Amino acid sequence: MSKVVVVEQIERKIYFLRGMKVMLDKDLASLYKVKAFRLREQVKRNQRRFPSDFMFQLNEPEIEFMVSQNAIPSRKYLGGFKPYVFTEQGVAMLSSVLKSELAISMNIAIMRAFVKLREVLLTHKELNYKLQELEAKVGDHDEEIKMILDAIRQLMKEEEKPKRGIGFHVR
């Protein structure tokens, strides 16, 4: 599987909750090819490595929100309990808890997905800012822009006229 495919699959498992990008414990366990309860077990053994800004448990309204937004198919998907979610820093910390080769390579792919998402969000913010700047500049120039567009359309019409063929023609 290519790096691009893996990163795209991971991006679909990153959610935005409490103002942070997070991943469900169940999704991480699936990526690491371990059972979710084993992942949680390792985290509980190393609780000090996971402060509340690295990992937290979802509350009922957040679970309902995720189901209603189709982020997760149903409450059954969660296995009957409130899941833990990991922020980008929490996922990075998982690499110190899960030490298999697969966990290490998957952790690198997950970090790349978080970075890619950050870049996309930054690009959108910059584009939005530039559009606002442009709107402010052209706000008073509507009539001038209309005249320019009309002139361009007129030039395009002239280009569309059929041209006389090149070569010798017999009448």
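Bear in mind the structure is a predicted one, so any value in this text is a computation, not a measurement.

(A) Region of the structure containing empty space enclosed by the protein. Under the definition given, this model contains one cavity of 30 Å³ or more. Of the pockets and cavities examined, the largest cavity occupies roughly 40 Å³. Lining the largest cavity are Arg-40, Val-43, Lys-44, Gln-47, Met-55, Tyr-84 and Phe-86. Within the residue set of the lining of the largest cavity, elements represented by two or more residues are α3 (36-45) and β4 (84-87). With three residues, α3 is the largest single contributor of residues to the lining of the largest cavity. Among the residues forming the lining of the largest cavity, the class breakdown is four nonpolar, one polar and two charged.

(B) Seen up close, helix α5 (residues 88-97). Within the span of α5, buried status applies to Glu-88, Gly-90, Val-91, Leu-94 and Val-97. Across the axial projection of α5, the buried residues extend over an arc of 165°, all falling on one side.

(C) Here's a closer look at the pairing of strand β1 (residues 14-17). Summarising the sheet, β1 and strand β2 (residues 20-24) pair through four bridges and their orientation is antiparallel. Looking at the pairing, Tyr-15 lines up with Val-22 of β2. Taken together, β1 and the strand that follows it, β2, pair antiparallel across an intervening segment of two residues, in which Arg-18 is found at a positive phi of about 50°.

Rules behind the numbers
Residues numbered from 1 in each chain as written. Predicted model: local features only at pLDDT ≥ 70, side-chain atom pairs only at ≥ 80, totals over all residues. Heavy atoms only, no water. 1 Å grid on protein atoms, 1.4 Å probe; cavity = no way out; pocket = protein on both sides within 12 Å on 5 of 7 lines; lining within 4 Å. Points joined across faces, edges and corners; volume = space filled by probe spheres on them. Helix = DSSP H or I, 4+ residues; strand = E, 2+ residues; numbered from the N terminus. Nonpolar A, V, L, I, M, F, W, Y, C, P; charged D, E, K, R; others polar. Buried < 20%, exposed > 50% of the residue type's maximum accessible area, 1.4 Å probe, protein only. Arc of directions from axis to C-beta. Pairing = 2+ DSSP bridges.

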